[in-house]
Amino acid sequence: MEPITHFLTGACMGRAGLNRKTALATLTLTLAAEAPDLDVLGRFGGPAFGFAHHRGFTHSFLGVPLCEAVVIAFVYRIWRLRGRRTRDPNLPPRWGILFLYACLAGFSHILLDFTNNYGVRPFWPFSGRWYSWDIVFIIEPVMLVLLVLGLIVPALFALIDKEIGARQRGPRGRLAATLALTGIVAMWAVRDYEHRRAVNALQARTYQGADPIRASAYPTWINPFHWYGVVETPAFFALAPVDSLQPEVDPGDQMEFRYKPEETSVTRAAKASYLGRVYLDWAQYPVAETEPITAPTGGYIVRLQDLRYEQVPSSLDDRRRRVLGAAVELDKNLRVIGDVYGTREHPVLVPEPGESNQGKR
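Model, not experiment: these values are computed from the prediction.

A.B. asks: Now, about the overall build of the chain: what can you tell me, with residues and values included?
C.D. replies: When helices and strands are tallied, the chain shows nine helices and 11 strands. The principal-axis extents of the C-alpha atoms in the chain amount to approximately 75 × 55 × 35 Å. Taking all 361 residues of the chain together, 47% fall into the buried category. A separation threshold of at least 6 residues defines the contact pool for the chain, and within that pool the share at least 24 residues apart is 58%. Total accessible area on the chain is roughly 18,700 Å²; 59% of this is exposed by carbon and sulfur atoms. With 40 positive and 35 negative side-chain charges, the chain shows a spacing of 11 Å between the two charge centroids.

So this is what it looks like as structure tokens:
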């Protein structure tokens, strides 16, 4: 999920009652809920290195406690700089409990990322297997509305109470935050049900006379009943929208077919590169396309694409650049020159980790 959802989730966890046990709970939970995204620092090692380590150790059950130890150290430092003061002098910070809260918030981050179709590797480094629930888009408006209301509504009632002179007892907002978190769980239940209907609809039919080997349905922007379906058959992939409310596959007659490209020595060399190995480890429906380079020295660009992102809504997608695609450039002897980023019109060649040259073609 995007960072705002993680921050708001941590804040609601604090307001739901955890802030009654120790000072600094809401601050700690808010920061800890986003802490696993510290893996963004991996981008300093280059795009391929950053991609390889995205949602890796920091998004694992083993890595969360280490990330949250950093959060606790940061909060402790802030507390010391503030002169060890808190809002309620009768409620001191309890650092052991705060660390447990931070870990809970970190695990909530893994859970939220698990719900979308990018996936997580919770058992890394013991297992690199990716897991994804595929029920929520990376930006989910319903979740954002629930979380914002869970935090804002109590503040509005506080203003009303202040106007009428009502007396406040203890931290405010427990009920609203609890309802917001409960609403998210209820939303997941609905999305899971609709997701199962969409997958079953895809599996229940044939495609150009061929039975599906496997089928997946991926969430879309806003509409909980609209899914992007990917179906694999022995010879091709079928891409079709699914209406899970009916349920019906391809109600608008928009189905696309992508025939499986032939495996060649060129594609095998690209897949054996650092970026190729990382990409294929993550991708669910990968396809490879080869583009010959005619001048000046020849060679090839092999473009890798995961079909689960082939149908990303146009409002979120620059069509000149495929969403979450990858490309590797090879010379005519099939040696890796580097990884290709940017658009087809303005490609940027970046060396793979361990190499030293970088430039534009």
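On we go.
A.B. asks: I'd like to hear about the packing of aromatic side chains, residue by residue, with values.
C.D. replies: With the rule as written, the count across this model stands at 19 aromatic pairs. A ring pair is formed by Tyr118 and Trp282, whose centres lie 5.0 Å apart and whose planes are at 40°; its orientation type is tilted. Of this pair, Tyr118 sits in the loop between helix H5 (95–115) and helix H6 (141–164) while Trp282 is found in helix H9 (residues 274–282), placing the two residues 164 residues apart along the sequence. Note on Trp282: relative accessible area 3%, which makes it buried. Taken together, Phe51, Tyr118, Trp130, Tyr279, Trp282 and Tyr309 form an aromatic cluster joined through their ring pairs. Above the ring of Phe237, the side-chain terminus of Lys260 is found at 5.4 Å from the ring centroid. For Arg308, the ring lying beneath its charged end belongs to Trp282, and the centroid distance is 4.3 Å.

A.B. asks: Now, about the environment of Leu181: what can you tell me, with residues and values included?
C.D. replies: Topologically, Leu181 is positioned in helix H7 (residues 174–203). With sequence-adjacent residues up to four places away left out, Leu181 is seen in contact with Thr9, Cys12, Met13, Ala16 and Leu147.

A.B. asks: An account of unusual backbone geometry is needed here, citing residue identities and associated values.
C.D. replies: The peptide bond linking Trp124 to Pro125 adopts the cis configuration, its omega dihedral lying at 10°. Non-glycine residue Arg84 carries a positive phi angle of around 60°. Within the secondary structure layout, Arg84 lies in the loop between helix H4 (63–81) and H5. In this structure, Leu334 is a non-glycine residue whose phi angle is positive, near 70°.

A.B. asks: A description of the packing of helix H1 (residues 3–15) against helix H2 (residues 25–34) should follow, citing residues and the corresponding values.
C.D. replies: Close contact between H1 and H2 brings their axes to 7 Å; oriented N to C, the two are set at 150°. The pairing of H1 with H2 is recorded here as roughly antiparallel in orientation. Crossing geometry of H1 relative to H2 is assigned as right-handed. Contacts between H1 and H2 involve Pro3, His6, Phe7, Gly10, Ala11, Met13, Gly14 and Arg15 from the former and Thr26, Leu29, Thr30, Ala33 and Glu34 from the latter. Partitioning the contact of H1 with H2 into residue classes produces six nonpolar, five polar and two charged.

A.B. asks: Pulling in residues and values, what's your account of a nonpolar patch on the surface?
C.D. replies: Residues Leu38, Val40, Leu41, Phe44 and Val70 make up a contiguous nonpolar surface patch of roughly 520 Å² in combined accessible area. Mapped onto the secondary structure, Leu41 falls in the loop between H2 and helix H3 (47–53). For Leu41, a relative accessible area of 53% puts it in the exposed group.

A.B. asks: Report on the pattern of salt bridges, specifying residues and quantitative values.
C.D. replies: Oppositely charged side chains are able to pair whenever their charged atoms sit close together. Enumeration over the complete set of coordinates arrives at 12 salt bridges. Where Glu194 meets Arg197, a salt bridge forms, and the shortest distance between an N and an O atom there is 4.0 Å. Of this pair, Glu194 and Arg197 both sit in helix H7, three residues apart, roughly one helical turn. Since its relative accessible area comes to 7%, Glu194 is described here as buried. Linking Glu310 and Arg258 is a salt bridge whose minimum nitrogen-to-oxygen distance equals 3.0 Å. Of the two residues, Glu310 is situated in the loop between strand E7 (300–306) and strand E8 (326–330) and Arg258 in strand E5 (residues 256–259); the sequence distance between them amounts to 52 residues. A single network of salt bridges, built from pairs that share partners, joins Arg214, Glu232 and Lys260.

Procedures and definitions
Residues numbered from 1 in each chain as written. Predicted model: local features only at pLDDT ≥ 70, side-chain atom pairs only at ≥ 80, totals over all residues. Heavy atoms only, no water. Helix = DSSP H or I, 4+ residues; strand = E, 2+ residues; numbered from the N terminus. Buried < 20%, exposed > 50% of the residue type's maximum accessible area, 1.4 Å probe, protein only. Contact = heavy atoms within 4.5 Å. Areas by Shrake-Rupley, 256 points an atom, 1.4 Å probe, with all protein chains shown as cover. Lys, Arg positive; Asp, Glu negative; His and termini not counted. Charge placed at Lys NZ, Arg CZ, Asp CG, Glu CD. Phe/Tyr/Trp six-rings, centres within 6.5 Å; stacked < 30°, edge-to-face > 60°. Lys NZ or Arg CZ within 6 Å of the ring centre and 35° of its normal. Axes fitted to C-alpha atoms, helices over the stretch in contact; angles between N-to-C directions. Parallel < 35°, antiparallel > 145°, perpendicular 65-115°, else oblique. Left-handed = near helix turned anticlockwise from the far one by under 90°. Nonpolar A, V, L, I, M, F, W, Y, C, P; charged D, E, K, R; others polar. Patch = residues over 30% accessible without salt bridge, like charges linked within 9 Å, V, L, I, M, F, W, Y side chains within 5 Å. Salt bridge = Lys/Arg side-chain N within 4 Å of Asp/Glu carboxyl O.

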